[in-house]
Amino acid sequence: MSKRKIIRPAQRRKPVQADVPTRDLFEHLNLDDPGDLGRSLDDFIYNISSGYFLQWEAVARREQGLPLTGKQKEALSELISFNDEENDRILYIDEMPRPSQPWYELARSLAAHLPTEPFRTYEAYYSVTTEGWPSLVECLETYGRDLSLPAGAKTPLDIFSVELKHRLWLQSCFSVLSGLGQHAELTLAKQEQQDRIKWFVELLQEYKDSVHYFDLTLDTLLTRVILPPKDKDIFIAMMIKALGLTSPQDRLADYLERVK
């Protein structure tokens, strides 16, 4: 991590409860708009990976006289002060104030806006719809372990509800079906498009815990992902063959474990 410039006020340290400047990371952004959601997620991931949240957590704990972890001490050591008064409060790092909310509240807000249900293969979606959740998970698994966790959470991903995580993992599987029906060439009736079923089965196997969580059958799966009528019939026939199902009412999780 590169050295960062900090700016301290030219007065004695204020009490911990005193007002300090803060930054709303989602200000002027509408998380219901997929374009804004994608930009917000990209900014959040950058602020996690760059150490922005870690440094401000270290600053806040130092202000409150709380012990610091090794990573927090390391984060503080990266700061360069142009004022030798150790009792002064840090108000800005790289000319940016501290975040107005903890990282995990922002992450929860982002994740809550990611589900798109049902997922219609013939509609155009921003990449955040299918790629946003895997990107967020990768970021938190890589960098989140050094951040403070809310009560009850043992890992960064514990901040999300079990149901939300399963909804989003299942949604990420739909990425290989995206586009079917958008124009004449994008249909399962074309042989060159039929590998999508193999890829889809592989993703369902990878996230079979989510398939099991929702007790999915082909019938119930097709309430979550909507294909054009012609593609739907081909999809059902190909899935029955790929998994060895006896009917669209069979529990998918039972058959996913058998597929090699």
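Residues numbered from 1 in each chain as written. Predicted model: local features only at pLDDT ≥ 70, side-chain atom pairs only at ≥ 80, totals over all residues. Heavy atoms only, no water.

Counting residues in hydrophobic clusters, the biggest one holds 71 residues, and the most contacted among them are Phe 44, Trp 103, Phe 160, Phe 200 and Phe 235. Look past the residues within four positions of Phe 160 in its chain and what remains in contact with it is Ala 107, Arg 108, Ala 111, Trp 133, Leu 136, Leu 140 and Lys 165. (Core = buried A, V, L, I, M, F, W, Y, C linked by side-chain atoms within 4.5 Å. Buried < 20%, exposed > 50% of the residue type's maximum accessible area, 1.4 Å probe, protein only. Contact = heavy atoms within 4.5 Å.)

Our focus in this paragraph is the packing of aromatic side chains. Inspection of every chain in the model, using the stated rule, returns 11 aromatic pairs. For the pair Phe 44 and Phe 53, a centre-to-centre distance of 5.6 Å together with 55 degrees between the ring planes defines the contact as tilted. Here Phe 44 falls in the buried class, since its relative accessible area comes to 0%. Judged by relative accessible area, Phe 53 falls into the buried class, the value being 3%. Ring centres of Trp 169 and Tyr 207 lie 4.6 Å apart, and the angle between their planes is 15 degrees; on these two criteria the pair is classed as stacked. Residue Trp 169 is found in helix α6 (residues 162–173), and its partner Tyr 207 is found in the loop between α7 (195–206) and α8 (208–213); the two are separated by 38 residues along the sequence. Each member of the aromatic cluster is reached from another via a ring pair, and the members are Phe 119, Tyr 125, Phe 174, Phe 200 and Phe 235. (Phe/Tyr/Trp six-rings, centres within 6.5 Å; stacked < 30°, edge-to-face > 60°. Helix = DSSP H or I, 4+ residues; strand = E, 2+ residues; numbered from the N terminus.)

Attention now goes to the confidence of the model for the protein chain. For the protein chain, per-residue confidence averages 90 on the pLDDT scale, and residues scoring 70 or more make up 89% of the total. Note on residues 5–17: pLDDT is under 50 here. Beyond four places in sequence and across chains, it has 44 contacts. (pLDDT = per-residue confidence, 0-100.)

Closest axis-to-axis distance for the α7/helix α10 (residues 229–243) pair is 10 Å, and the angle between their directions is 60 degrees. As the angle between them shows, α7 and α10 are arranged oblique. Crossing geometry of α7 relative to α10 is assigned as right-handed. When α7 is examined against α10, the residues Ile 197, Phe 200, Val 201 and Leu 204 are found in contact with a partner set consisting of Phe 235, Met 238, Met 239, Ala 242 and Leu 243. Each residue belonging to the contact of α7 with α10 can be placed in one class, and the counts come to nine nonpolar, no polar and no charged. (Axes fitted to C-alpha atoms, helices over the stretch in contact; angles between N-to-C directions. Parallel < 35°, antiparallel > 145°, perpendicular 65-115°, else oblique. Left-handed = near helix turned anticlockwise from the far one by under 90°. Nonpolar A, V, L, I, M, F, W, Y, C, P; charged D, E, K, R; others polar.)

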